[in-house]
Amino acid sequence: MAIRPAEQLIHKAAWLYYAHGLRQDEVANQLNISRASVAMYLRKARETGIVNISTSTQLFTDDIMARRLEDALKLDAVWIAPENAYLADPSTDIAVLAASVFLELVRKGDRIGVAWGRTVYTIADIMSYADLQDVTVVQLCGNLGAPYSYRPDQCTMEIARRLNAKGLNFYAPLVLSTEELAQGLRAEPVIRDQLSGISDCDLALYSIGAVDADSHLVKCGALTAAEMAALRKEGAAGVIAGQIIDAGGELLDCSYNRRVISAGLASLRVIGKRLMVVQEDSKFEPLLAAIAGGLCTHLVVGAHMAQRLLDHAGASAEKAP
């Protein structure tokens, strides 16, 4: 198939960068374009499959620390992104690795549950395109107001688009104004069927949220900073699929959770592959809570977080009788 003129620069940039090892500024000089254009063309080359880095995740699964972490936390698989001092934002490497891991875990015919947030949307935005058969991407929780970035419906549909899959959105708010209203909405046949179908998923993709003033729940207006602080005093440790969990990974008994429209934790736990991706070191305690609650079977983290998890597991083992 002939390459369309609009794609020629993308191919040339990818060829010079990957095959000949030129730096981005050297590619820019060769093609008489800006360095920013080179970066954009290289990204498009990865997204559209012109460039396919197929061995990258194997390098990270062979890591000794990853094996130790799997044993210590009793997880099925762990991938650890190395610390790269040259990156202004090291979390980018974690998202790139997670996107590759996610694509390797997806199988034809799979049903995939997707949560929301900056991490999930970054993964979706970085992910290469794939043409998988009979894949369905399901939104795990209700939606947020239109102005908010990284909404659940955006994350779900972008991943569905990248996989050439069917996307199923949740046509309900994440949080209702009263418990009675939420209870009534959950009983509606359409919502009830969507919630009951979550346990049929083969793979889940999500991160874990913090319980502080920077939480997505505070930023989107679902809770005030004062309300979140009060919940933290009551034992709130993390946020998963819009729900607040305690340090043991169980649903916190609070009015907020009773007003939320989201997949129950029991439904999440029966999903065979539960891929948790954590970019920020500040989410150490929330991640411990998610692991304690059995909400993670596969994990992608950075090297510093991995070491903290290992140290914590070692300290906990020493305290055990």
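Residues numbered from 1 in each chain as written. Predicted model: local features only at pLDDT ≥ 70, side-chain atom pairs only at ≥ 80, totals over all residues. Heavy atoms only, no water.

### Some details on the state of the cysteines
What makes a disulfide is a covalent bond joining the sulfur atoms belonging to two cysteines.
(1) Moving on: Taken as a whole and judged by the stated rule, the model has zero disulfides.
(2) Moving on: Cysteine 155 forms no disulfide, and the closest cysteine sulfur to it belongs to cysteine 141, at a distance of 8.9 Å.
(3) Moving on: The buried category is assigned to cysteine 155, whose relative accessible area is 0%.
(4) Moving on: Not engaged in a disulfide, the cysteine cysteine 220 finds its nearest cysteine sulfur in cysteine 141; these two sulfurs lie 9.9 Å apart. (Disulfide = S-S within 2.5 Å. Buried < 20%, exposed > 50% of the residue type's maximum accessible area, 1.4 Å probe, protein only.)

### As for the pairing of strand β3 (residues 136-139)
(1) Moving on: Along β3, one buried face is formed by Thr136 and Val138 and the opposite face, lined by Val137 and Gln139, is buried too.
(2) Moving on: The pairing of strand β2 (residues 111-114) with β3 spans four bridges and is parallel. Paired with isoleucine 112 across the two strands is valine 137, which belongs to β3.
(3) Moving on: Viewed along the sheet, the connection from β2 through helix α7 (residues 118-126) into β3 turns out right-handed.
(4) Moving on: Relative to strand β4 (residues 166-168), β3 is paired through three bridges, and the arrangement is parallel. In the sheet register, threonine 136 faces β4, and the bridge partner there is lysine 166. (Helix = DSSP H or I, 4+ residues; strand = E, 2+ residues; numbered from the N terminus. Pairing = 2+ DSSP bridges. Right-handed = clockwise from strand over helix to strand, strands pointing away.)

### Considering the sheet that holds strand β5 (residues 203-206)
(1) Moving on: Reading across the sheet, the seven strands line up as β1-β9-β8-β5-β2-β3-β4 and stay open at both edges, with parallel pairing between neighbours. Two strands bound the open sheet, and with one partner strand each, they are β1 (77-81) and β4. Here the average twist between neighbouring strands, direction ignored, is 20 degrees.
(2) Moving on: Packing against the sheet, helix α8 (residues 152-163) makes contact with β2, β3, β4 and β5, and its axis sits at approximately 175 degrees to β3. (Axes fitted to C-alpha atoms, helices over the stretch in contact; angles between N-to-C directions. Contact = heavy atoms within 4.5 Å.)

### A few points about α7
(1) Moving on: Of all the residues in α7, the buried ones are Thr119, Val120, Ile123 and Ala124. Buried residues in α7, looked at end-on, bunch into an arc of 135 degrees, giving them a common side. (Arc of directions from axis to C-beta.)

### A closer look at the nonpolar core
Nonpolar side chains tend toward joint burial in soluble globular proteins.
(1) Moving on: Of all hydrophobic cores here, the largest spans 87 residues; its most connected members are Phe102, Ile159, Leu217, Met276 and Leu287.
(2) Moving on: Top element by residues in this core is helix α6 (residues 91-105). It accounts for eight residues.
(3) Moving on: When neighbours within four sequence positions are excluded, leucine 217 is seen to be in contact with Trp116, Leu174, Ala222, Leu223, Met228, Val239, Gly242, Ile244 and Tyr256.
(4) Moving on: With 12 residues, the next largest nonpolar core counts Ala13, Ala28, Leu31 and Ala45 among its residues. (Core = buried A, V, L, I, M, F, W, Y, C linked by side-chain atoms within 4.5 Å.)

### Brief notes about the pairing of strand β6 (residues 236-240)
(1) Moving on: Counting buried positions over the five residues of β6 gives five, a clear majority of the element.
(2) Moving on: Both β6 and strand β7 (residues 243-246) contribute to a ladder of four bridges, which runs antiparallel. If you follow isoleucine 240 over to β7, its bridge partner there is glutamine 243.

### Quick word on the pattern of salt bridges
(1) Moving on: Counted according to the given criterion, the structure contains 15 salt bridges.
(2) Moving on: The partner of glutamate 26 in a salt bridge is arginine 23, with the nearest N and O atoms 3.2 Å apart.
(3) Moving on: Residue classification places glutamate 26 among the partly exposed positions, given a relative accessible area of 28%. (Salt bridge = Lys/Arg side-chain N within 4 Å of Asp/Glu carboxyl O.)

### Some remarks on the side chain of lysine 283
(1) Moving on: Here lysine 283 shows up in the loop between β8 (273-277) and α15 (284-292).
(2) Moving on: If near-sequence neighbours (up to four positions away) are discounted, lysine 283 is found in contact with Ser207, Ile208, Gly209, Ala210, Val278 and Met305.

### Here we look at the environment of leucine 16
(1) Moving on: With respect to the element layout, leucine 16 can be found in helix α1 (residues 5-19).
(2) Moving on: Given the relative accessible area of 15%, leucine 16 is considered buried.
(3) Moving on: Residues leucine 16 and valine 27, spaced 11 residues apart in sequence, show a C-alpha to C-alpha distance of 6.4 Å.
(4) Moving on: With residues near it in sequence (within four places) discarded, leucine 16 still touches Gly21, Leu22, Val27, Gln30 and Leu31.

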